[in-house]
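# Examination of the molecular architecture
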Amino acid sequence: MAPNELDMSFAETVVKAGANKLNLCIQCGTCSACCPSGTRTGLRTRQVIRRAQLGLQEKVLLDKGLWLCTTCSTCTNRCPRDADPTEILISLRSLLVEEGQVPTTIRDALEGVYKYGNPWGIIRSKRSDWASDLKIKYASEGGKSELLYYVGCAPSYDSRAQQVARALATNLNALGVDFSILGNEESCCGNEIYSIGEKGLFDILAEDNLSLLDRHGVSRIVTTSPHCFNAFKNRYVRSLDVQHYTQYFADLTDEGKIRFSRKMEKTVTFQDPCYLGKHNNIYNEPRKIIENIPGAKFVELPTSRGRSVCCEGGGGRMWVDNPGERATEARVREAVSIGAEVIAVACPFCLLTFDDAIKTTGNEGKIQVMDINELVTEAGLVHR
Amino acid sequence: MVKAGMVIGGGISGVQCALDLADQGYVVYLIEKNPSIGGKMAQLDKTFPTLDCAACIMTPKMVDAGRHPNIRLLAYSEIREIKKDGDVFKVKIVRKPRYVDETKCTGCGQCALHCPVEVRSEFDEGLGVRRAIYVPFPQAVPLIYTIDKESCIDCGLCEKMCQAKAVDRSQQPKEVEIEVGAIVVSTGYELFDARSKEEYGYGIYPNVITGLASERLLSASGPTGGHIVRPSDGRIPESVAFIQCVGSRDEKSGNLYCSRVCCMYATKEAMLLKEHVPDIDVTVFYMDVRAYGKGFEEFYQRAKHEFGIKYVRGRVAEITEDPHTENLYLKAENTETGEFFEQEADMVVLSAGLVSPKNDNLPKWLPIPIGDDGFFVSSNPKADPVTTKMEGVFIAGVTEGPKDIPDSVIQASAAAMKASTFLKE
């Protein structure tokens, strides 16, 4: 690594690594101040960008704060110069990945994806265990389905998130949708891998996934996770016909095809997932589904939609812990204070981080986190 | 060639231009869509960098324009069509119905005194109220009352109270046709709609207001008589924060340009706040302070050193509100020290930028090039900044791009000169 001196050529290296708007930054400080992570952690986005512009390589690349970005995109959405700070941080990470300078937990996650197609490093043959007792078609069985349900890694392997996959599959079955899953052939979508900065591995995943989808003649995809949705929609070399499940169910709601058999007397709030909201501007669809559930009383958190606060599960943060108060803990307290009994989520990472925060804040029994799929199942979804 | 001109828009630029052109002996039609001329300047309390009273400059000019033998003032009127026939512009103008006979109304105000309907006053930026029959402000020119039909409940009290028998609720729009040889466009600007910057909570948090609203709070003729109170509870704020570049120099709003007046108007308003409430704590959050004009840098230095106004270099990333106190919390980074902070403020003023008005049809009738910033482009921004590609059409004021009052007046006089030369040929 080069010495800690001004080196104007470094900025070019960063630009080549993907941060092509690095030099547009005028150091206004919006990125640092709006950062849901940085205001509580060591991440100083503006400072990092300035050092990168000046070529203070060592200072930039040894900055542990780089791994604390959740890639929530708040800074990118608010940057008055449109310099895309998120992409700058990802590009800096990619330089570290190239040199092998990554936290061990991140390295393990990358290895897991490389070897087994998931960041938890669990063997491939267990990927579809969650579905073993459900009536589900597998793409490998042949015969074309209308829809491919792309499950994603967390809902495949994490015991809590598996319940969401089961709920989603149950809901699709209740609606009589002709769908299939990739089963053990499914691999990581690569969204987090890109955000971690391992763009080489991301390219391999993208290529493999595209050829797998082509091989099974997949035309239309629904995902559990906004992260997979984002990868397929925005990060692959060609954009796929993909919907997040909230969009899929919101469309059916509009068409009047969704009916519920039970009432749900609960006050529900909603945590906007960054990769659904801030990255893809999808805010109304999840709310439409919740508001359509009979008896459910919907309340907004004090900051929501574009002002929502990230759960700190994205951008590789599932594998990088930061000591101290978590954003979700404050968020849970807010949800309790507005009288919510359920924090509805639409992302497996939000599900897991909020589940934790409810426990660490001692709010178990007072409030629970549920995926929208679980709400829909509980309300007794019936096809009209 | 018809030896008459038309000025579209009756703000400071349009009024100045009409006066100069009329003084040279030409008949000038001054068209204003609102009930009174005066534009944005009439709403201002003081002007920078001299802290002169804005109304004391503006209203005499308005009165002059209203009385000038060569100026035909068509207020509360909108252009319906402009057609060029040889070197003559044939213009159709709709005189919107005021439901008050202009020839009879004496401006006594008895009607408004008895009108039972209260409506948020546009002139006071929604901070005060007016009646359904109203003049926007007491110095309005022409001083003729207008019924806002959308709010009127047709109770007929105004008609009963009017001794001049001027109220005529059956009035219809009237179309007039004029012919002119030259046109000056001075349609000014609209304030950037700060609601689109959701992180600032404008339109949601009552104590987040715009710079123009704060002018009305500061003005002795404003809704509070010049008392500085915050909208939510009428309490005198102990701390006020200004946020600069709201909708200016901002890719996300699509406005890449600097609005050129906000640094100075915020500085001015900050000084005036200090004059009104000496103990008040005022902080201005900025990206750059652009004090480029004559006397501006000195003005800025005075604000810092004489008035004790704090300037923090850091763009505020977000405002949140404590729903109980309705106080505001501003998140920012002081980029000079690298320190994050959350600052509490009783009231926040957003220095909203200047955007081009939605001139729906004007560009269709007068195909003058429009720049990426939405403002009209002159035929040569350096050597000929008031002439346009369309012969006989000139531009003045903010319609050509954001500028302050002195620059607007200079350009207005220049446009009058160019128009009169053109009419003479």
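This is a predicted model, so every value here is computed, not measured. (Residues numbered from 1 in each chain as written. Chains lettered and ligands numbered in written order. Predicted model: local features only at pLDDT ≥ 70, side-chain atom pairs only at ≥ 80, totals over all residues.)

Helix and strand counts for chain B stand at 9 helices and 24 strands. The globule rule puts the C-alpha radius of gyration for 425 residues at 22 Å, and the 22 Å found for chain B is close to it. Projected onto the principal axes, the alpha-carbon positions of chain B cover approximately 65 × 55 × 35 Å. Per-residue burial over chain B gives 49% buried out of 425 residues. Counting contacts in chain B only where the partners sit at least 6 residues apart, residues at least 24 apart contribute 69% of the total. (Helix = DSSP H or I, 4+ residues; strand = E, 2+ residues; numbered from the N terminus. Rg over C-alpha atoms; globule rule 2.2 N^0.38 Å. Buried ≥ 20, exposed ≤ 12 C-beta atoms within 10 Å, placed from the backbone. Contact = placed C-beta atoms within 7 Å.)

Before going further, it helps to examine the sheet that holds strand β17 (residues 281–286) of chain B. Residue and element names in this part refer to chain B. Taken in spatial order, the 5 strands make up an open sheet running β15-β22-β16-β17-β18, and their pairing is parallel. Sheet topology places β15 (208–210) and β18 (310–313) at the edges, where each strand pairs with a single neighbour. Taken over all neighbouring pairs, the strand axes of this sheet differ in orientation by 25° on average, direction set aside. Pairing geometry for strand β16 (residues 239–246) and strand β22 (residues 347–352), over 5 bridges, is parallel. Bridge pairing in β22 places A241 opposite V348. Of the strands in this sheet, β16, β17 and β22 touch helix α6 (residues 262–276), which is tilted by about 170° from β16. (Pairing = 2+ DSSP bridges. Axes fitted to C-alpha atoms, helices over the stretch in contact; angles between N-to-C directions.)

One widely used convention gives an interface's size as the accessible area the parts lose upon coming together. Facing 19 residues of chain B, the contacting portion of chain A comprises 19 residues. Among the elements that line the side of chain B that touches chain A, the one with the most residues is strand β20 (residues 328–334) of chain B, at 3 residues.

A separate point is helix α11 (residues 199–215) of chain A. Residues and elements named next belong to chain A. Spanning 17 residues, α11 covers 24 Å between terminal C-alpha atoms, matching the ideal 24 Å at 1.5 Å per step. If you check which residues of α11 are buried, you get K199, F202, L205, A206 and N209. Summarising the axial view, the buried residues of α11 lie within an arc of 110°, below the 170-degree limit, and thus occupy one face. Looking at α11, the residues exposed on the side facing more than 90 degrees away from the buried face are G200, S211, D214 and R215. Packing partners of the buried residues in α11 comprise α6 (85–98) and α10 (191–196). (Expected span 1.5 Å × (residues − 1). Arc of directions from axis to C-beta.)

Counting 176 residues, the largest nonpolar core has L92(A), Y149(A), A344(A), F354(A), V348(B) and L350(B) as its most contacted members. Ranked by the residues each element gives to this core, the list is headed by α6(B), at 9 residues. Not counting chain neighbours up to four residues away, the residues in contact with V348(B) comprise N207(B), V208(B), A241(B), I243(B), I319(B), L328(B) and L330(B). By size, the runner-up hydrophobic cluster in this structure holds 76 residues, among which are A75(B), A132(B), A182(B) and F376(B). (Core = buried A, V, L, I, M, F, W, Y, C linked by C-beta atoms within 7 Å.)

Let us now look at the packing of α6(B) against helix α7 (residues 296–305) of chain B. All names here are of chain B. Two elements in contact, α6 and α7, have axes separated by 10 Å at closest approach and are oriented at 40°. Compared by their axis directions, α6 and α7 come out oblique. When you trace α6 past α7, the crossing you get is left-handed. Facing M264, T267, A270 and M271 of α6, the residues of α7 in contact are F296, F299, Y300 and A303. Residues of the contact of α6 with α7, tallied by class, amount to 7 nonpolar, 1 polar and no charged. (Parallel < 35°, antiparallel > 145°, perpendicular 65-115°, else oblique. Left-handed = near helix turned anticlockwise from the far one by under 90°. Nonpolar A, V, L, I, M, F, W, Y, C, P; charged D, E, K, R; others polar.)

So, about the domain arrangement of chain A. All names here are of chain A. Segmenting chain A into domains produces domain 1 (8–98), domain 2 (104–248) and domain 3 (257–383). Just the C-alpha atoms count here: the centres of domain 1 and domain 3 sit 29 Å apart. Contact residues are listed per partner, giving 13 residues for domain 1 and 16 residues for domain 3. Tallied by class, residues from the side of domain 1 that touches domain 3 come to 5 nonpolar, 7 polar and 1 charged. (Domains from an automatic or database assignment.)

A word on the sheet that holds strand β1 (residues 137–138) of chain A. Residue and element names in this part refer to chain A. Taken together, 5 strands build an open sheet; the order of strands is β1-β3-β2-β4-β5 and the sheet is parallel. Of all the strands in the sheet, just β1 and β5 (242–244) have a single pairing partner and so form its edges. Where strand β4 (residues 221–223) and β5 come together, 3 bridges link them in parallel fashion. The residue of β5 that forms the bridge with V222 is Q243. On the sheet, helix α12 (residues 226–235) packs against β2 (147–150), β4 and β5 and is oriented at approximately 155° with respect to β5. Those strands touched by helix α13 (residues 245–254) are β4 and β5, and its axis lies near 85° from that of β5.

Another aspect to go through is unusual backbone geometry. Residues and elements named next belong to chain B. Put simply, F48 and P49 share a cis peptide bond, and its omega is -5°. Locating P49 in the fold gives a position in the loop between β3 (46–47) and β4 (52–53). A cis geometry characterises the amide bond from V141 onward to P142, with omega recorded as -5°. By the element assignment, P142 lies in the loop between β10 (133–134) and β11 (146–147). Despite not being glycine, Y99 has its phi angle at roughly 60°, a positive value. Counting through the fold element by element, Y99 comes out in the loop between β7 (88–95) and α3 (110–114). We note that E125 has phi near 55°; this positive angle belongs to a residue other than glycine. When you line up the elements, E125 lands in the loop between β8 (118–120) and β9 (129–131). Here E125 falls in the buried class, since 21 other C-beta atoms lie within 10 Å of it.

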